[in-house]
Each structure stands twice: as structure tokens, then as C-alpha cells.
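# Report on the structure
Now for the letters of each chain:
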Amino acid sequence: MVMMIVSLASIWTYKDTRYYTLRPKLKEYVFSHNKTVVIRGQYYNIYIRLRREVRSGEQTGFHNVLPTFLLSRGWTNVGSKPYYHLLLGGYEIDARRISGSSTELEKLRKLGQRIAGNLNLK
């Protein structure tokens, strides 16, 4: 019941359509909710970031599962793989994921640099 209320509250909170408008010639961005401008800012306040996430890999047996006290000390499961994705973020805007997840760190890094270069976000 509690989860249902939390889910409905998050749906209500994020029901508005968000618009991200980049204007390379003016070197500015505009972030809007339902066509109401929330912020208009300069290009140096917006970025593309590479974000890491950890998912558990295939569990081949009980040896791959570590106790909680070891996980809290920085140990990871043997089957865990780091996944990465790209985010568009900036001052006073909601971060937006702009790529899928991948284990190919260098390929995603190059993709992020190309996107930033093509949009003049450097």
C-alpha cells in the first residue's frame, strides 16, 4: 500500500513534460516544464557526464554473494560488472539520461565527447 502511494506521488510530481532546448548559436539553453520556461542559462552551465552504475552479474553459486559487512567496506560481488551511461545535466535542470547502458567505457566516453563537440558544449 505504501509503495502504491509513493508511486502515485512520483507520477503526479513528474507528470509535466520537460523540454530541453539547446541554442548553439546563442550559446544558451532553455529548460521548460509544459512550455513554461523554468531557466534560461549560458552554455557553460550545462554538461554531458559519464555516470557509472553497478549491476549484479550472473550468479554461478553462493561464492559470488558477499555478506553485507564486506560490501559496506568496498568489496564487490565477483559477478558484478560496471555499466555506464551518459547524462545531460546542468544548473537548475533535471538531469536526463541520453544513452543506454553499456560496459564499453571508452566507447561511451568518445560518444559523450562527440556529442559535446557537436553541440559546442566544450
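Up top is the structure.
The sections below set out a description of the structure shown in this document. Here, residues in each chain are numbered from 1, in the same order as that chain's written sequence. Per-residue local features of the predicted model are confined to residues with pLDDT of at least 70, and side-chain atom pairs are confined, for both listing and counting, to 80 or more; whole-chain, interface and lining totals are unaffected and use all residues. Values reported for side chains reflect all heavy atoms of the structure, with hydrogen atoms and water molecules removed beforehand.

Bringing the overall build of the protein chain into the picture now. Note on conventions: DSSP H or I runs of at least 4 residues are helices, E runs of at least 2 residues are strands, and numbering of each starts at the N terminus. Looking only at helices and strands, one finds 3 helices and 6 strands in the protein chain. For every residue, the accessible area obtained with a 1.4 Å probe (protein chains only) is divided by the maximum for its type, and the residue is called buried under 20%, exposed over 50%, and partly exposed between those limits. A total of 122 residues make up the protein chain; the buried ones form 24% of that total. The long-range fraction of contacts in the protein chain, counting pairs at least 24 apart against all pairs at least 6 apart in sequence, stands at 45%. Total accessible area computed for the protein chain in this model is approximately 9,300 Å², and 56% of it derives from carbon and sulfur atoms. Contact criterion: two residues are considered in contact whenever any of their non-hydrogen atoms come within 4.5 Å of each other. Working definition of accessibility: Shrake-Rupley area with a 1.4 Å probe, residue cover restricted to the visible protein chains.

Tracing the chain through its elements places E53 in strand β4 (residues 46-55). Taking relative accessible area as the criterion, E53 reaches 19% and is therefore assigned buried. At a separation of 3.5 Å, a polar atom in the side chain of E53 contacts the side chain of S101. Side-chain atoms alone can form a polar contact between residues adjacent in sequence; in general such a contact is a pair of N or O atoms within 3.5 Å, and within protein one must be able to donate a hydrogen while the other accepts it.

Okay, the packing of aromatic side chains next. What characterises a pair of aromatic rings is the spacing of the ring centres plus the angle enclosed by the ring planes. For Phe, Tyr and Trp, rings pair up if their centres lie within 6.5 Å, where Trp contributes its six-membered ring, and each pair is then called stacked (planes under 30 degrees apart), edge-to-face (over 60) or tilted (otherwise). With the rule as written, the count across this model stands at 1 aromatic pair. On the basis of an interplanar angle of 45 degrees and a centroid distance of 5.0 Å, the ring pair of Y20 and F31 is categorised as tilted. On the criterion of sequence distance, the pair formed by Y20 in strand β1 (residues 18-23) and F31 in strand β2 (residues 28-33) is long-range, its members being 11 residues apart. Given the relative accessible area of 27%, Y20 is considered partly exposed.

Attention shifts here to the pairing of β2. Across the 6 residues that make up β2, a large majority, 5, are buried. Bridge count for β1 against β2 is 6 bridges, and the pairing is antiparallel. When the sheet's bridge partners are listed, T21 is paired in β2 with V30. Strand pairing requires that DSSP identify at least two bridges connecting the strands. Turn length for the β1-β2 hairpin, with the two strands adjacent in sequence and antiparallel, is 4 residues, and the turn residue K27 shows positive phi of about 55 degrees. Relative to strand β3 (residues 36-42), β2 is paired through 6 bridges, and the arrangement is antiparallel.

Take the pattern of salt bridges next. One speaks of a salt bridge when a side-chain nitrogen belonging to Lys or Arg is within 4 Å of a carboxyl oxygen belonging to Asp or Glu. A full pass over the atoms with the stated rule returns 5 salt bridges. A salt bridge links D94 to R18; the nearest nitrogen and oxygen atoms lie 2.6 Å apart. In this pair, D94 sits in the loop between β5 (81-90) and β6 (96-97) while R18 sits in strand β1, placing the two residues 76 residues apart along the sequence. Residue D94 is classed as partly exposed on the basis of its relative accessible area of 28%. On the accessibility criterion, R18 (21% relative accessible area) is partly exposed. Across the pair R40 and E28 runs a salt bridge whose closest N-O atoms are separated by 3.8 Å. On the criterion of sequence distance, the pair formed by R40 in strand β3 and E28 in strand β2 is long-range, its members being 12 residues apart.

The strand order across the open sheet formed by 3 strands is β1-β2-β3, and the pairing between neighbours is antiparallel. Every interior strand has two partners, whereas the edge strands, β1 and β3, have only one. The average undirected angle you get between the axes of adjacent strands in this sheet is 15 degrees. The axes are straight lines fitted to the C-alpha atoms, using for helices just the contacting stretch, and the angles between their N-to-C directions are given from 0 to 180°.

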